[in-house]
Number of protein chains: 2
Amino acid sequence: METPLSPIDFARRARRLYPDRTAVVDGSLRWSYGEFFDRCDRWSRTLQHMGVGHGDRVAIISPNTHSHLEQYYAVPQIGAVTVPVNFRLTSDDFAYILKHSGARVVCAHRDHLEAVDTVREQLPEVVHFVALEGRKDGWLDYEAVLAGASTEFTPASVAETDMISLNYTSGTTANPKGVMITHRNTALNIMGHLMHTRITSADRYLWVLPMFHANGWCFTWAITAVGGTHVCLRKADPGLIFETIAREHITMLCAAPTILIGIANAPEELRRHAPHGVRVFTAGAPPAAATIERIEGELGWEITHVYGLTEVSPIVAISEWRPEHAGLPATERARIKARQGVEYLGNAEVRVVDDQDHEVPRDGATLGEIIIRGNAVMAGYYNDPEATARAIRDGWFRSGDAAVVHSDGYIEIRDRWKDVIISGGENISSVEVEGVLLRHPAVQEAAVVGVPHEKWGETPQAFIVLKAGATAGGEELRLFCRDHLAHFKVPHAFSFISELPKTATGKIQKYVLRGGRANIAAQ
Amino acid sequence: METPLSPIDFARRARRLYPDRTAVVDGSLRWSYGEFFDRCDRWSRTLQHMGVGHGDRVAIISPNTHSHLEQYYAVPQIGAVTVPVNFRLTSDDFAYILKHSGARVVCAHRDHLEAVDTVREQLPEVVHFVALEGRKDGWLDYEAVLAGASTEFTPASVAETDMISLNYTSGTTANPKGVMITHRNTALNIMGHLMHTRITSADRYLWVLPMFHANGWCFTWAITAVGGTHVCLRKADPGLIFETIAREHITMLCAAPTILIGIANAPEELRRHAPHGVRVFTAGAPPAAATIERIEGELGWEITHVYGLTEVSPIVAISEWRPEHAGLPATERARIKARQGVEYLGNAEVRVVDDQDHEVPRDGATLGEIIIRGNAVMAGYYNDPEATARAIRDGWFRSGDAAVVHSDGYIEIRDRWKDVIISGGENISSVEVEGVLLRHPAVQEAAVVGVPHEKWGETPQAFIVLKAGATAGGEELRLFCRDHLAHFKVPHAFSFISELPKTATGKIQKYVLRGGRANIAAQ
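Residues numbered from 1 in each chain as written. Chains lettered and ligands numbered in written order. Predicted model: local features only at pLDDT ≥ 70, side-chain atom pairs only at ≥ 80, totals over all residues.

Asks: Sorry, what's going on with the overall build of chain A here?
Replies: Helix and strand counts for chain A stand at 18 helices and 27 strands. Its C-alpha atoms give chain A a radius of gyration of 24 Å, near enough to 24 Å, the size a compact globule of 523 residues would have. Principal-axis analysis of the C-alpha atoms gives chain A an extent of 75 × 55 × 50 Å. For chain A, restricting intrachain contacts to residue pairs at least 6 apart in sequence, the fraction spanning at least 24 positions comes to 67%. (Helix = DSSP H or I, 4+ residues; strand = E, 2+ residues; numbered from the N terminus. Rg over C-alpha atoms; globule rule 2.2 N^0.38 Å. Contact = placed C-beta atoms within 7 Å.)

Here it is as structure tokens:
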């Protein structure tokens, strides 16, 4: 007998089994699962009254609040689709995503009502604007509507391959793309978490990670599935984090490494009352050894590094602890913890392949691209078959991440695949060469790209910004590189420039360096 | 993107990630996952050479050995179907199951070659007889075949709804029925285990539970999925259990309560060297409080009670530990541990309903039948649509177990549903009334059944065997029952007989008591 794999089924179970357990804490608000699902049902009822039905989009622009969390239950259980939007984007970005997704309802937090209003005229398809918190003309008051609504709604009949969520990528080089995530994608990612992260009903989860971010890595549903407690945090401020951890007896959180650095370096008076044993999951970039050491050694917390992308629902790998790690020195353990690790159970197959699609050897040195197939992979990009075809080729999703595989099968990302330089058949990580250059005392910034070469295919070229007042020539840097790198990785040319081309958010634009080499070098 | 949910995928992952970890220990034999899968592949190749393909049946009659375990990988990965047979059955039972399942290959352990040979003439469809251990004329030597085989086989393309296993029920009242279990059924049961039992690569699992029994509750695959170690035990003898636990540093096992009683009451010299912290899973009947107390209190192990049936792949409920249990007195904790508990995540929905299919209240008293729907439920009984239609009605599998639901949602079985007496709209557990009668000093044995009644529908009638030399009349027993039971549960009639009708294995035949009341009462 088959019934649809869906987080709706996990919610059904939670409402039966955990009605009296605390579902969500948001400041002084505190709701049991019974109360929480009652609120979700009222909102489902209201949405159905508004005419929202199967496949319709409901967009959310909000920090981590209880009403934000409610959307992940109220919307799918009537067969509609959530569109979680990064609230840090501009009004123009909001307009693009709301239009592209075809949202019929927009739910926004008080901080974002104004920004949406400035683009409201561009959104004729949006039928209802709902203020999840705060009041404003032209906005429905969520709490007032809920108070007047019945809990009687018509549960949708969903197929597991129906879309549950349309998550937009950050779009650094082009417009954001809408990633179509299905109920089955999500259910298997949640089950992956539950198998790998040992979440139980005893867990009290702190919402540091934004809920909108690839749907909060599905912890929006995973915590509920086991009857744990969601503790909302509206701002990822270290002081607030420590205060909430102590007050709410937090056992677990997810956060980007940049937030972990803030935690690791928080003042002693903040850290003093932190409970031991908090489990911390991180992704997006490997946590630095110093961060791991301070958080594990000094705070007595446990860091686990996981890996994923919005397109794979989103987590597909974990730097899994194994009993054989217990005997290793701390530095080696930290090195393993910083790796992206091994594939999750049951949702994906993860490989690292060269440009002929052959798996790279497990030598910790040969670079390849991470490719992924299986139940974690999205249904595709919404309304963009070309981008989908580029991303999923021969049945494998191309992550764009360049990685090595260690002898134990653990994957470690070294670069973006498009920034890898292929010279004489060898793959060179631009990040590795840049790392060496940055160790030279005269170098302020460095960017390495591949340039065409008759014999080698490509060779590395370095673009260098020197420190104010410092001097160093190409030959000096070349010799420095030869001392610290395999010979084939040493740049063939060094260009000294006053500034690296960057995006508004500070990312180096390597495509500018590749395309406009002559121009920049001539500056 | 959808790929089939299947234990084959978990095995694929294990062979990539854990090639050097110990897969299986069987006496002095010890194989890594690399070696284990190499053996499986050789056998897959051989089966394909024998002409075994998609959907073909391979039967297994064997205790818990490494070669038995190998079948659960070698057979499904070529799309064939395992038929695990209870080796304690008679030759005639073997013949029935082998014929009914349409087995093309029979793999048997040395202890069972003779028994199969006595019915070989009844099995014209079996093409190959394979001795997994031992040698005998007319039997292929498994080890010799493996030694000469290549590992190159053609992996099957399976759909997740394809059958992986045909498990025969014990058939106490009729012929055994073949339960069709799919790849999806199995994958979700394994994931259920991994979410609820916290198995990791550090686990060393002792095979006390027979592997054939509803496929070893899927631990045949769950242990492999995380890279744990299978430790084979060929006989569930307490001495051997303790010796192997100590020698192999066992962390986890599954066993029926009757085996646990043997463990609890083993001599002190056996128990002395047992490691602490072994996780024990039990099912089939609730563990007795005394057993829990001895095993948890004295050995320092942890008992978890799970619930299932072959027809639901097989585990669908667990007496889940919750943080709120920590503060309870030990007797109350033992009482909770003895309950069947709450539904597993992601594979089934479990309800307890009255004969109108309404859920019973959570009062710990009202009896209903446990019904189950969802991905755990079998595809049906093989070649028996009538039995399938009786078992799965209105989309729910009828377990035949009568249970109450406690206020926390935990289910507790009280009787077989067919033995429950419905009197004046109230459900009466025959087991409860029998329990009271057995506390009367004159009563040796008691069986309570429902008899038709004009006003009440049914009323309870008790059949009593008195102790040798003891005397007690119906009125005395009636008053005794009134002191210890709700009034409506007190039997309306007491029949004193010399012996209760029983099956060969000692089970009371209540249908005889119901049908032949007058006759027996007249004795």
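Asks: What should I look at first to understand the domain arrangement of chain A in this one?
Replies: Interface extent is often summarised as the accessible area lost during association of the parts. What the domain assignment lists for chain A is domain 1 (7–235) and domain 2 (420–522). Between the C-alpha centres of domain 1 of chain A and domain 2 of chain A the distance comes to 44 Å. (Domains from an automatic or database assignment.)

Asks: Whenever I open this one, the sheet that holds strand 1 (residues 22–26) of chain B confuses me. Can you help?
Replies: Strand pairing in a sheet takes place through backbone hydrogen bonds and is either antiparallel or parallel in direction. All names here are of chain B. Taken together, the nine strands give an open sheet; going across it, the order is 2-1-11-10-12-13-14-15-16, and neighbouring strands pair in mixed fashion. Here the strands that pair on one side only, and so sit at the sheet edges, are strand 2 (29–32) and strand 16 (342–343). Relative to strand 14 (residues 302–308), strand 13 (residues 279–282) runs parallel, the two being bridged by four bridges. Bridged to F281 within strand 14 is T304. Contacting strand 1, strand 2 and strand 11 (229–232), helix 3 (residues 66–74) runs over the sheet at an angle of about 140° to strand 1. (Pairing = 2+ DSSP bridges. Axes fitted to C-alpha atoms, helices over the stretch in contact; angles between N-to-C directions.)

Asks: Sorry if this is basic, but what is going on with the relation of the copies chain A and chain B here?
Replies: Note on the copies: chain A fits chain B at an RMSD of 0.3 Å, the axial shift is 0.0 Å, and the rotation between them is 179°. Within this description, the copies of the chain are treated as partners about a two-fold rotation axis. If distances are taken from each C-alpha of chain A to the rotation axis, the shortest is found for M195 of chain A, at 2.3 Å. By residue overlap, the copies meet face to face through one surface: 96% of the interface positions of chain A are interface positions in chain B. (Least-squares fit on C-alpha atoms with pLDDT ≥ 70 in both.)

Asks: Can you walk me through the confidence of the model for chain A in this structure?
Replies: Interpreting fine coordinate detail is not advised for predicted regions of low pLDDT. Residue and element names in this part refer to chain A. Per-residue confidence for chain A averages 93 on the pLDDT scale, and 98% of its residues sit at or above 70. Across residues 517–523, where pLDDT falls below 50, the model places eight contacts with residues more than four positions away in sequence or in other chains. The complex model carries a pTM of 0.91, and its ipTM stands at 0.91. (pLDDT = per-residue confidence, 0-100.)

Asks: Sorry if this is basic, but what is going on with unusual backbone geometry here?
Replies: Backbone geometry follows two general trends: most residues other than glycine have a negative phi, and most peptide bonds adopt the trans configuration. That bond from S313 of chain A to P314 of chain A is cis: its omega, -5°, falls within 30 degrees of zero. Mapping P314 of chain A onto the fold places it in the loop between strand 14 (302–308) and strand 15 (315–318). The phi torsion at D394 of chain A lies on the positive side, around 50°, for a residue other than glycine. As for its position among the elements, D394 of chain A is in the loop between strand 20 (392–393) and strand 21 (396–405). Look at W217 of chain B: it is not a glycine, yet its phi comes out positive at around 50°.

Asks: Is there a simple way to think about the interface of chain A and chain B in this case?
Replies: With 28 residues of chain A at the contact, the number on the chain B side is 27 residues. Looking at the side of chain A that touches chain B, the elements with two or more residues in it are helix 1 (7–17), helix 7 (183–197) and strand 16 (342–343) of chain A. Of the residues forming the side of chain A that touches chain B, the biggest block, five residues, is contributed by helix 7 of chain A. Across the side of chain A that touches chain B, the residue classes tally to 13 nonpolar, seven polar and eight charged. (Nonpolar A, V, L, I, M, F, W, Y, C, P; charged D, E, K, R; others polar.)

Asks: Help me understand the pairing of strand 6 (residues 128–131) of chain A, please; the structure alone is not making it clear to me.
Replies: Sheet faces and side chains relate simply in a regular strand, where the side chains alternate between the two faces. Here strand 5 (residues 105–108) of chain A pairs with strand 6 of chain A via four bridges, running parallel. Within strand 6 of chain A, the residue paired with C107 of chain A across the bridge is V130 of chain A.

Asks: Mind showing me how you'd approach the environment of D141 of chain B here?
Replies: Residue and element names in this part refer to chain B. Position of D141 among the secondary structure elements: in strand 7 (residues 140–141). D141 sits in the partly exposed class, given 15 other C-beta atoms within 10 Å. Each C-alpha atom of the pair D141 and G308 lies 36 Å from the other, and the pair is 167 residues apart in sequence. (Buried ≥ 20, exposed ≤ 12 C-beta atoms within 10 Å, placed from the backbone.)

Asks: Could you clarify how one ought to interpret the sheet that holds strand 13 (residues 279–282) of chain A in this entry?
Replies: Residue and element names in this part refer to chain A. Spatially, 2-1-11-10-12-13-14-15-16 is the arrangement adopted by the nine strands of the open sheet, whose pairing is mixed. Strands at the two margins of the open sheet, each flanked by one partner only, are strand 2 (29–32) and strand 16. Sheet analysis places strand 15 next to strand 16, joined by two bridges and oriented antiparallel. Looking across to strand 16, one finds that I318 is bridged to V342. Contacting strand 1 (22–26), strand 10 (204–207) and strand 11 (229–232), helix 9 (residues 238–248) runs over the sheet at an angle of about 160° to strand 10.

Asks: Which parts of the structure should I look at to understand the nonpolar core?
Replies: As a rule of thumb, nonpolar side chains are buried together in soluble globular proteins. In this structure, V208 and I372 of chain A together with V58, V208 and I372 of chain B are the most contacted members of the largest nonpolar core, which totals 320 residues. In this structure I372 of chain B touches V312, V316, A348, E349, V350, V377, W396, F397 and S399 of chain B, once residues within four positions along its chain are discounted. (Core = buried A, V, L, I, M, F, W, Y, C linked by C-beta atoms within 7 Å.)

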